[in-house]
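Read off the chains here:
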Amino acid sequence: MTELKKIKTALISVFDKEGLDDILKQLNAHGVRLLSTGGTQQFIVERGYACDAVEDLTGYPSILGGRVKTLHPKVFGGILARRDNEGDRAQLAQYDIAEIDLVIVDLYPFEATVASQASEADIIEKINIGGISLIRGAAKNFNDVAIVASKAQYGLLLDMLTRHGDAATTLDERRQLAREAFAVSSAYDSHIYNYFAGDDAQSLRSAIDGRKSLRYGENPHQRGYYYGDFDRMFTQLHGKEISYNNLLDIDAAVNLIGDFNDPTFVIMKHNNACGLATRNTLVEAFQAALAGDPVSAFGGVHVTNRTIDAATAQEMNKVFIEVCIAPGYSDEALEILKQKKNRVILVMNEATLPKTTCRTVLNGALVQERDTRVETSADLRQVTTATATAAQTADMLMANIIVKHSKSNAIVLVKDQMLVGSGVGQTSRVDALRQAIDKARSFEHDLTDAVMASDAFFPFGDCVEIAHQAGITAVIQPGGSVRDQESIDYCNAHGVAMVMTGIRHFKH
């Protein structure tokens, strides 16, 4: 059995005191001496427990407005002393320094203070000095000292205390606590660096807490993990464990649906929309989205920006759906959708996505601002003699949103507020167009008076010619090619309306 080390003295100094009572009860029951500072000492004493002040231990009061409280050899000597080192033990005796076996400390809420748009003076005061030093010191000496650096570890500590029955810890447990402590301190320093760096960060520092092991990565032979707070964004009501590939599709779905305001239903497959429609009712939107590509919809991720009602759920239940996402579900709808035991049902909570995206490349990383641009009718520059109707303009704006969220090279065809064809991830734009037309025709969609969107400019005039021959009468594209005039001339000669946005939406 692993040797237990009994906790005889504990130093407790926390900003957030929620959840501390149960730990105090356990420590007191086992006769652990308590040391503390300021408000934490008062909190402990008010609950009827004896607690010595750190100021009495050090002989110095808290000074500099609380900036210096625990930074003293009487404190750090007791934490950092190696119990099996004769020299350390001799110096403890020489300077009358008591061993400290447990440190419970948290850090000022720096990140929350920045988010609150507080003054810089208030933000700087939330840079913790004593606390971070206590964490690093106790974690470094995990052979002898247990460190709890966040109330997120209170449950872990309580389990240790109750499991062993004598306020004791094992080496493995102390090492685990030290690992968590260094995660806290490194994340804290990352937030401080990013505050000072602002938009001019010369180094990439990111801290994401919470690791979830997945069944596997993209493929069964790859291990996969998710780092983040999934439960903050979603509430899972039903279904199996979410996979790596599910998460990629969920991310793509959430980003796409976020650009729509009217009742819209989206069906995602491999990060691209295979079905999308906006209608007056949700059930009509689902039926139209499904009709766009009923084959690819099999096993897809379905997302909407409206509460799913019973009528919509009845139609959805006829299809194999891997993941369903909505802001809410009626009781009857939920009962219907739960009939498939493995179907993942998620409620989309109010949450803010990061302002930047990051992906590993070679031996480094690429970081960019998230593409949040959504063009409106005010952004459209008419470049042809034929002008788009109000209905065509609405369809072009929808197509432009969809193509923005499609893998490049991408072409999207829309008619009557419904995705009728798309070509994605192609090595040439003309191939993407042909794929979109073939897809639409395979499901017998009439492309007469449909519109076309392209994520980037047309390098030649062939795309508008092929599109026109398929029945398309309005085109939206960024423009910017040295041969734009070829496309414009063809459109003018054949009565096709074309607008340019000046904004490219590559997605690789």
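No experiment lies behind these values; they were computed from the predicted model shown. Numbers given to residues run from 1 along each chain, matching the order in which its sequence is written. It should be noted that, the model being predicted, local features are given only for residues of pLDDT at least 70 and side-chain atom pairs only at 80 or more, the latter also being counted only at that level, while totals for whole chains, interfaces and linings use all residues. Excluding hydrogens and water, the side-chain figures rest on all heavy atoms present in the structure.

S.K.: Account for the pattern of salt bridges, with residues named and values stated.
M.R.: The term salt bridge refers to a pairing of a side-chain nitrogen on Lys or Arg with a carboxyl oxygen on Asp or Glu at a separation within 4 Å. Applying the stated rule across the entire model yields 24 salt bridges. The partner of Arg 67 in a salt bridge is Glu 125, with the nearest N and O atoms 2.3 Å apart. With Arg 67 in the loop between α3 (54-58) and α4 (73-80) and Glu 125 in helix α7 (residues 120-125), this residue pair connects regions lying 58 residues apart in the sequence. Here Arg 82 ties to Asp 88 by a salt bridge, and the two come within 2.7 Å at their closest N and O atoms. A residue is classified by how much of its surface remains accessible, and Arg 82, at 43% relative accessible area, is partly exposed. Taken together, the shared-partner salt bridges in this structure form one network comprising Arg 83, Arg 89, Glu 99 and Asp 101. In DSSP terms, a helix is any run of H or I states spanning at least four residues, a strand is any run of E spanning at least two, and both are numbered starting from the N terminus. The buried label applies to any residue whose accessible area, calculated with a 1.4 Å probe on protein chains only, is under 20% of its type's maximum; exposed applies above 50%, and partly exposed to all values in between.

S.K.: Run through the pairing of strand β5 (residues 102-105), naming residues and quoting values.
M.R.: On a regular strand, each side chain points to the face opposite its neighbour's, so the side chains alternate between the two faces of the sheet. The side-chain alternation of β5 yields two buried faces, one formed by Leu 102 and Ile 104 and the other by Val 103 and Val 105. Pairing between strand β2 (residues 9-13) and β5: four bridges, direction parallel. Each residue of the ladder has a partner; that of Leu 11, found in β5, is Val 103. At least two DSSP bridges between two strands are needed for those strands to be called paired. Inspection of the sheet shows β5 paired to strand β6 (residues 146-148) by three bridges, in the parallel sense. Paired with Ile 104 across the bridge in β6 is Val 148.

S.K.: Please provide a residue-by-residue account of the sheet that holds strand β3 (residues 33-36), values included.
M.R.: The strand order β4-β3-β2-β5-β6 describes an open sheet built from five strands, whose pairing is parallel. A strand with exactly one partner marks an edge of an open sheet, and here the two such strands are β4 (52-53) and β6. The pairing of β3 with β4 spans two bridges and is parallel. Of the residues in β4, the one forming a bridge with Leu 35 is Asp 52. We call two residues in contact whenever any of their non-hydrogen atoms come within 4.5 Å of each other. Axes here refer to lines fitted to C-alpha atoms; in helices the fit is confined to the stretch in contact. Angles between the N-to-C directions go from 0 to 180 degrees. Strand contacts of helix α2 (residues 38-46): β2, β3 and β4, with the helix running at about 140° to β3, the strand carrying the most contacts.

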